[in-house]
Amino acid sequence: MSPDDMVAVFRRVLETDGVTADTDFFESGGDSLMGTRVLSAVARAQGVELTFDDLLGAPTPALLADRVASVSR
């Protein structure tokens with residue numbers, strides 16, 4: 001999953017176009033319930049099951065895309 005793909009997921013979940021690859025999910029209004037929607041979208045698209053702790057540790061589209069790539073290998 002590319003950073004651009006992850007940006008699209010964040011935009012959809014946060015319901016805003018103001019997301020870039022470096023936008024922090026939580027600083028942009030994301031919460032734990034919305035986070036589960038991000039993680040579900042990743043699981044559907046990539047078949048990768050991330051935890052909420054993964055999102056806490058990688059709260060931007062770029063960082064989360066890197067996390068998905070490292071788990072997918």
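Residues numbered from 1 in each chain as written. Predicted model: local features only at pLDDT ≥ 70, side-chain atom pairs only at ≥ 80, totals over all residues. Heavy atoms only, no water.

### Notes on the side chain of Asp-24
Line of reasoning, step 1. In this fold, Asp-24 is placed in the loop between α1 (3–14) and α2 (32–46).
Line of reasoning, step 2. Buried and unpaired, Asp-24 has Arg-67 as its nearest opposite-charge partner, separated by 12 Å.
Line of reasoning, step 3. Within the structure, the side chain of Asp-24 is placed 2.9 Å from the backbone nitrogen of Glu-27, a separation counted as a polar contact.
Line of reasoning, step 4. Excluding residues within four positions of it along the chain, Asp-24 makes contact with Pro-59 and Thr-60. (Helix = DSSP H or I, 4+ residues; strand = E, 2+ residues; numbered from the N terminus. Buried < 20%, exposed > 50% of the residue type's maximum accessible area, 1.4 Å probe, protein only. Lys, Arg positive; Asp, Glu negative; His and termini not counted. Salt bridge = Lys/Arg side-chain N within 4 Å of Asp/Glu carboxyl O. Polar contact = N/O pair within 3.5 Å; in protein donor to acceptor, adjacent residues only side chain to side chain. Contact = heavy atoms within 4.5 Å.)

### Details of the packing of aromatic side chains
Line of reasoning, step 1. For the structure on display, the rule yields three aromatic pairs.
Line of reasoning, step 2. Seen in terms of ring centroids, Phe-26 and Phe-52 are 6.0 Å apart; in terms of plane orientation they differ by 75°. Their pairing is edge-to-face. Here Phe-26, found in the loop between α1 and α2, pairs with Phe-52, found in helix α3 (residues 52–57); they are 26 residues apart in sequence, far enough to count as distant.
Line of reasoning, step 3. Judged by relative accessible area, which is 26%, Phe-26 ranks as partly exposed. (Phe/Tyr/Trp six-rings, centres within 6.5 Å; stacked < 30°, edge-to-face > 60°.)

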